[in-house]
Amino acid sequence: MQLYNLQDNEQVVSFVEAVKTGLGRNQGVFFPTELTPLADVDALLELDFVTRSAKVLRHLLGDELSDETLAQMVAGAFTFPAPLVKVADNLHCLELFHGPTLAFKDFGGRFMAQCLAQFSQGEKVTILTATSGDTGAAVAHAFYGKENVDVVILYPEGKISEAQQKLFTTLGGNVHCYSVKGSFDDCQAMVKQGFLDEELKSRLGLNSANSINISRLVAQVCYYFEAVAQLPKEQRAQAHISVPSGNFGNVCAAMIAAVIGLPISKLSATTNQNDTVPRYLESKQWQPNETLESLSNAMDVSRPNNWPRVQVMLDSGQFSYNDFFSHSVDEATTAAAMRELQQLGYMAEPHTAIAYQGLKADFAPGEQGIFLATAHPAKFKDSVEEILGISLEMPKALADALAKPCLAKPMSADYQQLREAMLAKLG
Ligand SMILES: *Cc1c(COP(=O)(O)O)cnc(C)c1O
């Protein structure tokens, strides 16, 4: 797979290089130079999830990895299912929260861990990342116990929920956590300084695990095939998929799936009140506002950094603007959508409810509607219990984590302190 930098088209890299570097020159994201259609999608849809995913990835990645290696990596990453649950006639939910940290980020995080383990060839790797919630847990679990890899996670003390925090701070081993007296932006600034520190970079083999890494996107392509595969054969061409969107990585993966031949009739990318993209599609003006806090906090993004990848597929006509929809859903409507799903017998957290609401807006008769459940309701226990008037049982993974002590070390928002701690521990 060859990829080019969308900010600087001259920069062309292999998949391996794109995974190792993450971001290109001038902060540009990498995108495949070519996306070719799959030969026999119908036959692929008959295969099981892991076998099919290895074939889809082989098609996307080309011969940089052998069939055997790729099959092993996929089997190691996708160890949990992505069931399509029927909610009503012509309405289905793709549940992506059955992984170890109860959110869809496990798919991408775990495949990225497989890639880095494969590509580093025994060199030491240190993943340094700041988290405001779900990514930290997915990355920590994905790399936990992996040889030659250490993970350093910074998070703002007191600013993330206990459930989110305990999912990564209780692991120990090669996962090192620091609770920073400051904001998420302070944590992110410390991480950025780390990547500018050549000595630290080379001594520890620093790598980031943020959401623009191409390995996470290609992994996510696979579960869209799994969604359509679970529809009855005669309904597969009518799949209308709605993705709750923040950074627009997940919907980008859906569009790549469509471009390489998965029958998707329409795509809805639905946002919360952080509505930069819906406004852009109306006015053609890119005008991000200040980021607002919402019930769906993993989507509180006003500068979605995967949007250039989506736009290049739309502008080139690989996916039609006519089949792409993006609406924003406000807080009251999010809560109403959660209650409406409850009436239909389905319990959803806020991100999932937004996908459902966005689907309804553009749904046409004859379609099979699929909205994505990106997180388990228990991960957003407080708002779910309050809005739905119920009391939630904790899934075992979460209950276990909550019972363990937090192993994070306190730290001030001071890069020198981070540097010394990392060199003392890992250098
Ligand atoms: C990250 C996240 C999203 C947004 O996905 P993007 O790829 O950033 O658009 C939606 N829901 C949940 C639960 C998430 O953690």
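Rules used in this analysis
- Residue numbers restart at each chain and count upward from 1, following the sequence in its written direction.
- Whole-chain, interface and lining totals are the exception, using all residues; otherwise, since this is a predicted model, local features are given only for residues with pLDDT of at least 70 and side-chain atom pairs are given and counted only at 80 or more.
- To obtain the side-chain values, all non-hydrogen atoms of the structure were used and water was disregarded.
- UniProt positions are given in the numbering used here, feature names are shortened, and annotations may be inferred rather than shown by experiment.
- Strands are runs of DSSP state E lasting at least two residues, helices are runs of H or I lasting at least four, and both sets are numbered from the N terminus onward.
- We compute the radius of gyration over the C-alpha atoms and compare it with the globule rule, which gives 2.2 Å times the number of residues raised to the power 0.38.
- The buried label goes to any residue with under 20% of its type's maximum accessible area, the exposed label to any with over 50%, and the partly exposed label to all in between, with areas taken from a 1.4 Å probe on protein chains only.
- Two residues qualify as a contact provided that any one of their heavy atoms is within 4.5 Å of a heavy atom in the partner residue.
- Note on areas: Shrake-Rupley, 1.4 Å probe, and residue coverage restricted to the protein chains presented here.
- As used throughout, the charge tally considers Lys and Arg to be positive and Asp and Glu to be negative, leaving His and the chain termini uncounted.
- Positions of charges follow a simple convention, taking NZ of Lys, CZ of Arg, CG of Asp or CD of Glu.
- A pair of strands is labelled paired if DSSP reports no fewer than 2 bridges between them.
- Only the stretch in contact is used when a helix axis is fitted, and all axes are lines through C-alpha atoms; the angle between N-to-C directions ranges over 0 to 180 degrees.
- Note on definitions. A residue lies near a molecule or strand when any single heavy atom of the residue is within 4 Å of it.
- Here a polar contact is recorded for every N or O atom pair within 3.5 Å, except that within protein the pair must consist of a potential hydrogen donor and a potential acceptor, and residues adjacent in sequence are included only if both atoms are side-chain atoms.
- Note that Gly is not counted as nonpolar here; it falls among the polar residues with everything else outside the nonpolar set of Ala, Val, Leu, Ile, Met, Phe, Trp, Tyr, Cys and Pro and the charged set of Asp, Glu, Lys and Arg.
- Note on aromatic pairs: the rings of Phe, Tyr and Trp (six-membered ring only in Trp) are paired at centre separations within 6.5 Å, and the planes decide the class, stacked below 30 degrees, edge-to-face beyond 60, tilted for the rest.
- Our definition puts a charge over a ring when NZ of Lys or CZ of Arg is within 6 Å of the ring centre and also within 35 degrees of the ring normal.
- Residues grouped as a nonpolar core are buried Ala, Val, Leu, Ile, Met, Phe, Trp, Tyr and Cys residues, joined through side-chain atoms within 4.5 Å.
- Oblique is the label for any angle not under 35 degrees, not over 145, and not in the 65 to 115 range, which are roughly parallel, roughly antiparallel and roughly perpendicular in turn.
- Handedness of a crossing is defined here by the sense of rotation of the near helix relative to the far one, left-handed for an anticlockwise turn of less than a right angle and right-handed for a clockwise turn.

Identification of the chain as Threonine synthase from Pseudoalteromonas qingdaonensis is taken from an unreviewed UniProt entry. Of the comments in the UniProt record for the chain, the one headed Sequence similarities (unreviewed entry) reads "Belongs to the threonine synthase family." Here the chain is described in UniProt, under the heading Catalytic activity (unreviewed entry), as follows: "O-phospho-L-homoserine + H2O = L-threonine + phosphate".

So, on to the overall build of the chain. In terms of regular secondary structure, the chain is built from 18 helices and 14 strands. Over its C-alpha trace the chain gives a radius of gyration of 21 Å, about what one expects of a compact globule, namely 22 Å for 427 residues. With the C-alpha coordinates aligned to their principal axes, the bounding extent of the chain is approximately 60 × 50 × 45 Å. When the 427 residues of the chain are sorted by exposure, 58% land in the buried category. Counted over contacts in the chain with a minimum sequence separation of 6, partners at least 24 positions apart contribute 73%. Of the roughly 17,100 Å² that the chain leaves accessible, carbon and sulfur atoms contribute 47%. Treating the 33 positive side-chain charges of the chain as one cloud and the 48 negative ones as another, the clouds have centres 4 Å apart.

A word on the UniProt feature "domain: Tryptophan synthase beta chain-like PALP" (unreviewed entry) in the chain. According to UniProt, the feature "domain: Tryptophan synthase beta chain-like PALP" (unreviewed entry) maps to residues 94-363 in the numbering used here. Within residues 94-363, the helical portion is 46% and the strand portion 14%, while the C-alpha atoms at the span's ends are 17 Å from each other.

This part takes up the sheet that holds strand 7 (residues 149-156). Spatially, five strands are ordered 9-6-7-8-14 in an open sheet, and the strand pairing comes out parallel. Two strands lie at the open edges of the sheet, namely strand 9 (206-207) and strand 14 (409-412), each paired on one side alone. Pairing geometry for strand 8 (residues 175-181) and strand 14, over four bridges, is parallel. Following the sheet pairing, V180 is matched in strand 14 by M411. This element, helix 8 (residues 184-196), spans strand 6 (125-130), strand 7, strand 8, strand 9 and strand 14 of the sheet and lies at about 150° to strand 6.

Glancing now at the site of the ligand. Taken together, 15 residues lie near the ligand, and K105, G246, N247, N250 and T374 sit nearest. Between the ligand and the protein, one listed contact pairs an oxygen atom with a backbone N or O atom of N247 at 2.8 Å. Within the backbone of G249, an N or O atom sits 3.2 Å from an oxygen atom of the ligand. For the ligand, whose free accessible area comes to 380 Å², the fraction covered by protein is 95%. Taken together, the residues that form the shell around the ligand break down as six nonpolar, seven polar and two charged.

Our next topic: the packing of aromatic side chains. Per the stated rule, a full pass over the model turns up 15 aromatic pairs. Relative to F107, the ring of F78 lies with its centre 5.5 Å away and its plane at 75°, an arrangement referred to as edge-to-face. Of this pair, F78 sits in the loop between helix 4 (67-77) and strand 4 (84-88) while F107 sits in helix 5 (residues 105-120), and the two are 29 residues apart along the sequence. Across the pair, F107 and F78 agree in class, each one buried. Arranged with centres 5.4 Å apart and planes meeting at 85°, the rings of Y155 and F168 form a pair that is edge-to-face. With Y155 in strand 7 and F168 in helix 7 (residues 162-169), this pair connects stretches of sequence that are 13 residues apart. Grouped by ring-pair contacts, the aromatic residues F49, F78, F80, F107, Y223 and Y224 constitute a single cluster. Between K284 and the ring centre of Y321, over which it is positioned, the NZ or CZ distance is 4.6 Å.

What follows covers the nonpolar core. Membership of the largest hydrophobic core comes to 127 residues, with the highest contact counts inside it found for F15, L60, F111, Y224 and F324. Filtering out sequence-adjacent residues up to four positions away, F15 remains in contact with M1, L3, L61, E64, C115, F119, I214, S215 and V218. With 18 residues, the next largest nonpolar core counts L154, V180, L204 and M422 among its residues.

This part covers the packing of helix 11 (residues 249-259) against helix 13 (residues 307-315). Packed helices, taken two at a time, are described by their axes: the angle between them and the distance between them. It is the contact of helix 11 with helix 13, at a shortest axis distance of 9 Å, that shows an interaxial angle of 30°. The pairing of helix 11 with helix 13 is recorded here as roughly parallel in orientation. Between helix 11 and helix 13 lies a crossing whose hand is left-handed. Residues V251, C252, M255, I256 and V259 of helix 11 form the contact with helix 13, whose own contacting residues are R309, V310, M313 and L314. Looking at the contact of helix 11 with helix 13 residue by residue, the class counts come to eight nonpolar, no polar and one charged.

For the rest of this paragraph, the subject is the packing of helix 5 against helix 10 (residues 214-229). Viewed as axis vectors pointing N to C, helix 5 and helix 10 meet at an angle of 125°, and their least axial separation amounts to 8 Å. Relative to helix 10, the element helix 5 is oriented oblique. Where helix 5 crosses over helix 10, the two elements pack in a sense that is right-handed. Contacts between helix 5 and helix 10 involve K105, F107, G108, G109, F111, M112 and C115 from the first element and S215, R216, V218, A219 and Y223 from the second. Its residues assigned to classes, the contact of helix 5 with helix 10 shows seven nonpolar, three polar and two charged.

The subject of this paragraph is the UniProt feature "domain: Threonine synthase N-terminal" (unreviewed entry) in the chain. In the numbering adopted here, UniProt assigns the feature "domain: Threonine synthase N-terminal" (unreviewed entry) to residues 8-78. Secondary structure over residues 8-78 splits into 51% helix and 8% strand, and the C-alpha atoms at its two ends are 34 Å apart.

All right, on to the side chain of D8 then. You can see D8 is positioned in the loop between strand 1 (2-5) and strand 2 (12-14). When neighbours within four sequence positions are excluded, D8 is seen to be in contact with R25 and N26.

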